[in-house]
Amino acid sequence: MHAERTLTVPRPPGAVFDYLADFTRTNEWDPGTLETRRTSGDGGVGTTYANLSLVLGQRTEATYTTVAHDRPSRLQVRGTGGAATVLLTVTITPVAAGSGSRVHLRTDIALRGVRGLLAPLVLGRRLQRDADEAVTQLERVLINRT
């Protein structure tokens, strides 16, 4: 399963990248995240985070690891927890005349076992709704950042 969204914000790519690369801020824009804290690393490749999210009414713990950190254009973070593996890929490109950034988010979710077979039926629409909400919240946060 996957969800993709693109938004444009009036912030330079470096500022957008720096905000998103600090994965502890996911609770500000990801609708399911309750808390994320850094457990090791300096924010670059190999940095790990402990994440607590609410998924279908259940608290779920996952460990996220930064697997790509190409400032200011590409960030990738992989999460594992329970029966799921999540890969978030963020691509940031400047828009014309330095007026901001285009941010492309792609979330890929793989579930193991029986959950993997039923996931598209049970979680497919929820994933799309969460992606819409995440983009709305992320846009708001990025526009309002000083």
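To be clear, the structure that these remarks concern was listed above.
Attention in this report is confined to the structure presented alongside it. (Residues numbered from 1 in each chain as written. Predicted model: local features only at pLDDT ≥ 70, side-chain atom pairs only at ≥ 80, totals over all residues. Heavy atoms only, no water.)

This paragraph deals with the pairing of strand β6 (residues 84-94). Here strand β5 (residues 74-81) runs beside β6; their pairing, made up of eight bridges, is antiparallel. Paired with threonine 80 across the two strands is threonine 85, which belongs to β6. (Pairing = 2+ DSSP bridges. Helix = DSSP H or I, 4+ residues; strand = E, 2+ residues; numbered from the N terminus.)

Soluble, globular proteins show a tendency: their nonpolar side chains are buried together. Counting 29 residues, the largest nonpolar core has Leu20, Val90, Val103, Leu105 and Leu138 as its most contacted members. The leading source of residues in this core is helix α2 (residues 114-144), at seven residues. Look past the residues within four positions of leucine 105 in its chain and what remains in contact with it is Ala3, Glu4, Arg5, Leu7, Leu88, Thr89, Val90, Val135 and Leu138. (Core = buried A, V, L, I, M, F, W, Y, C linked by side-chain atoms within 4.5 Å. Buried < 20%, exposed > 50% of the residue type's maximum accessible area, 1.4 Å probe, protein only. Contact = heavy atoms within 4.5 Å.)

Quick look at the environment of threonine 36 now. With respect to the helices and strands, threonine 36 occurs in strand β2 (residues 33-40). Once the C-alpha coordinates of threonine 36 and leucine 52 are considered, the two residues, 16 residues apart in sequence, prove to be 6.3 Å apart. Not counting chain neighbours up to four residues away, the residues in contact with threonine 36 comprise Phe23, Thr24, Thr26, Tyr49, Ala50 and Asn51. There is a polar contact of 2.8 Å between the side chain of threonine 36 and the side chain of asparagine 51. (Polar contact = N/O pair within 3.5 Å; in protein donor to acceptor, adjacent residues only side chain to side chain.)

Taken in spatial order, the seven strands make up an open sheet running β1-β7-β6-β5-β4-β3-β2, and their pairing is antiparallel. Edge positions in the open sheet fall to β1 (2-9) and β2, since each of these has one partner strand only. Sheet twist, expressed as the mean angle between neighbouring strand axes with direction ignored, is 20°. The sheet contact formed by β6 and strand β7 (residues 101-111) spans 11 bridges and is antiparallel. Along β7, the bridge assignment pairs isoleucine 92 with valine 103. Each of β1, β3 (48-55), β4 (58-70), β5, β6 and β7 touches helix α1 (residues 13-21); the most contacted strand, β6, lies at about 165° to it. (Axes fitted to C-alpha atoms, helices over the stretch in contact; angles between N-to-C directions.)

Another point: the pattern of salt bridges. Any two side chains of opposite charge can pair, given that their charged atoms come close. All chains considered together, the criterion is met by six salt bridges. The salt bridge involving glutamate 4 is made with arginine 106; its shortest N-O contact spans 2.8 Å. Of this pair, glutamate 4 sits in strand β1 while arginine 106 sits in strand β7, and the two are 102 residues apart along the sequence. One salt bridge connects arginine 106 with aspartate 108, and the closest N-O pair in it is separated by 2.9 Å. Residue aspartate 108 is classed as partly exposed on the basis of its relative accessible area, which comes to 22%. Taken together, the shared-partner salt bridges connect Glu4, Arg106 and Asp108 into one network. (Salt bridge = Lys/Arg side-chain N within 4 Å of Asp/Glu carboxyl O.)

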